[in-house]
Amino acid sequence: MQPLVLYNTRTRSKEIFEPIEERHVRVYTCGPTVYAPQHIGNLRSQLFADLLKRALLAQGYRVTHVINITDVGHLTDDADAGEDKMERAAAERGTTAREIAEQYTDQWLRDRERVGCLSPEVLCKATEHIAEQISLIEVLEQKGLSYRIEDGIYFDISKFPRYTEFARLDLEAQVGGGRIGDVPGKRNSADFALWKFPASGTLRQQEWDSPWGRGFPGWHIECSAMSRKYLGNQFDIHSGGVDHIGVHHTNEIAQSESADDVHPWVRFWLHGEFLDLRGKKMSKSIGNLCVLDDLIDRGIAPLAFRYFSLQAHYRQQQTFTDEAIESAATGYDRLVAHAAELRAARGDCEVSKLEPLRERFWDAVRDDLNAPRALAVTWEAVRSEGLGAAERWALLREFDVFLGLDLQAAIPRSQIAESDPRIDALVAEREAARARRDFAESDRIRDVLAAEGIAIDDTPDGPRWRRG
Ligand code: AMP
Ligand code: ZN
């Protein structure tokens with residue numbers, strides 16, 4: 001089998017991927033901060049991680065995929081000076097941070113599943129791993145890498161000489177820039193919180209005892225602590241959005257590499273680009289959101305959004321427009337209609353005839369998960385006149401292992417029965433008439449429906465009706 005090649009942010013180059021442990025790949029993906037609805041931009045980043053996982057599985061690897069849920073400690077300001085997003089949302093809505101976290105974690109899990117993402121082997125919440133985070137901070141403290149100020153316990157980046165390496169940071173140029181907060185007492189502008197104390201006079205919902213006093217963990221320590229617990233001191237791949245390179249991932253690396261004396265802590269770093277809406281990154285803080293339910297309300301299937309995502313490489317920005325999603329929905333529907341027709345096909349399948357397209361499809365996947373190219377090869381397979389129906393179906397079924405478009409079972413829009421209790425009742429009456437062999441009555445009902453422009457298809461799963 002040809003090797004998988006991935007673009008590694010750490011080396012800024014495409015590299016052949018080999019896992020540390022034979023045949024087993026350990027992957028960590030930074031998950032959502034669950035203080036607001038999870039939008040389709042967040043889903044795009046999950047779909048990218050899902051393609052990575054599917055490509056690894058297709059290469060024959062066993063995969064342990066860990067995704068975290070940030071339910072505490074992510075501040076409105078990356079420089080540790082703002083409010084905790086969870087606490088703020090709870091205060092605004094007059095409810096508990098836990099309830100908000102549960103609501104949006106459930107929504108995120110449901111939407112991930114609806115767009116065909118495989119479940120992670122481990123889903124871990126920051127609030128359920130406070131002890132692990134405290135232990136890791138203790139290691140850093142024992143090594144003399146942290147210091148205490150009024151605001152909390154901070155990591156001293158001057159003790160980690162490689163700090164600027166990963167993101168190619170120019171800290172001098174950033175002084176006074178957006179990244180640098182003004183927390184009094186910080187030794188270096190880019191030092192970041194490991195443990196924070198509640199601001200005096202404020203009552204937080206989420207705080208815990210620690211060797212340093214009551215407080216809550218900084219945002220970055222959760223990923224270092226949880227990946228360490230579930231994947232060990234070094235692992236293969238870490239993924240997340242491009243926004244994480246300069247701060248969150250840089251800080252994770254500083255913590256983990258200095259705590260465990262490892263380098264590189266993670267071999268491959270993969271970053272997904274943004275989904276834009278109206279010229280800006282779709283984001284909770286800007287408020288230009290679209291959630292999956294908005295699309296479903298417009299008659300767009302969740303998997304049509306997956307199809308839309310496959311049309312752009314994960315390292316390209318993708319722009320969300322009405323036209324683009326409608327055209328993807330049509331494209332997906334056409335593909336599903338072909339699949340529905342082909343899956344009924346019987347006949348010979350000459351394996352050697354499949355090879356050229358199979359090779360080109362998997363070459364595209366192995367070339368840094370090139371989904372748009374893989375999708376183009378899929379369409380070539382559908383349209384290939386040199387192949388019989390059974391052969392085309394064999395290809396589609398195989399390609400769907402990566403595409404995840406449910407081509408084995410999805411039904412084209414034109415055949416999906418709408419729901420209308422009156423028509424459902426008439427269709428049921430017709431069924432009953434047929435069962436008692438009263439064909440005059442069943443034909444009469446069919447004519448009544450036909451007059452309204454409703455057709456009935458008798459399928460192995462019973463009758464289905466459709467308009468037109
Ligand atoms: P958040 O919950 O906003 O911290 O984001 C969770 C994950 O979704 C991070 O990896 C972000 O990089 C990613 N993300 C957020 N907004 C977008 C977007 N518009 N397009 C793609 N990924 C995004
Ligand atoms: Zn993270």
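Summary of the structure given here. These numbers were taken from a predicted model, which means no experiment stands behind them.

Observations concerning the coordination of the zinc ion (ligand 2)
Item 1. Every protein donor of the zinc ion (ligand 2) is accounted for by Cys 30 (SG), Cys 223 (SG), His 248 (NE2) and Glu 252 (OE), and the metal-donor separations fall at 2.0 to 2.4 Å.
Item 2. Coordination at the zinc ion (ligand 2) is irregular: its 4 donor atoms span angles of 76 to 129 degrees at the metal.
Item 3. We note that the donor set of the zinc ion (ligand 2) lies within a single chain, spaced as C-x192-C-x24-H-x3-E. Pair noted here: Cys 223 is in helix H6 (residues 221-231) and His 248 is in helix H7 (residues 245-260), with a separation of 25 residues, a long-range link.

Points about the packing of aromatic side chains
Item 1. What the rule picks out here adds up to 16 aromatic pairs.
Item 2. Between Phe 305 and Phe 308, the ring centres sit 5.8 Å apart and the planes meet at 25 degrees, which makes this aromatic pair stacked. Of the two residues, Phe 305 and Phe 308 both sit in helix H9 (residues 302-310), 3 residues apart, roughly one turn of that helix. Across the pair, Phe 308 and Phe 305 agree in class, each one buried.
Item 3. Taken together, the aromatic side chains of Tyr 28, Phe 166, Phe 235, Trp 265 and Trp 269 make up a single cluster linked through ring pairs.
Item 4. Sitting above the plane of the Tyr 7 ring, Arg 315 keeps its charged end 4.0 Å from the centroid.

Some thoughts on the sheet that holds strand S9 (residues 216-217)
Item 1. Pairing in this open sheet of 4 strands is antiparallel, and the strands run S6-S7-S8-S9 from one edge to the other. In the strand order of this sheet, the two ends are held by strand S6 (146-149) and S9, each with one partner.
Item 2. Relative to strand S8 (residues 192-196), strand S7 (residues 152-155) runs antiparallel, the two being bridged by 4 bridges. Bridge pairing links Ile 153 to Trp 195 in S8.
Item 3. Sheet strands touched by H7: S7 and S8. Its angle to S8, the strand with the most contacts, is close to 70 degrees.

Side note on the packing of H6 against H7
Item 1. At a minimum axis separation of 8 Å, H6 and H7 run at an interaxial angle of 50 degrees. As summarised for this structure, H6 and H7 are arranged oblique, according to the angle between their axes. Seen along the crossing, H6 lies across H7 with a hand that is right-handed. Two secondary-structure elements touch here, H6 through Ile 221, Cys 223, Ser 224 and Arg 228 and H7 through His 248, Glu 252, Gln 255, Ser 256 and Asp 260.
Item 2. Broken down by class, the residue content of the contact of H6 with H7 amounts to 2 nonpolar, 4 polar and 3 charged.

Calculation rules
Residues numbered from 1 in each chain as written. Chains lettered and ligands numbered in written order. Predicted model: local features only at pLDDT ≥ 70, side-chain atom pairs only at ≥ 80, totals over all residues. Heavy atoms only, no water. Donors = N, O, S within 2.8 Å, 3.2 Å for Na, K, Ca; no water. Tetrahedral: all angles 85-135°; square planar, octahedral: opposite > 155°, others 65-115°. Helix = DSSP H or I, 4+ residues; strand = E, 2+ residues; numbered from the N terminus. Phe/Tyr/Trp six-rings, centres within 6.5 Å; stacked < 30°, edge-to-face > 60°. Buried < 20%, exposed > 50% of the residue type's maximum accessible area, 1.4 Å probe, protein only. Lys NZ or Arg CZ within 6 Å of the ring centre and 35° of its normal. Pairing = 2+ DSSP bridges. Contact = heavy atoms within 4.5 Å. Axes fitted to C-alpha atoms, helices over the stretch in contact; angles between N-to-C directions. Parallel < 35°, antiparallel > 145°, perpendicular 65-115°, else oblique. Left-handed = near helix turned anticlockwise from the far one by under 90°. Nonpolar A, V, L, I, M, F, W, Y, C, P; charged D, E, K, R; others polar.

Purely geometric numbers; function is a separate question.
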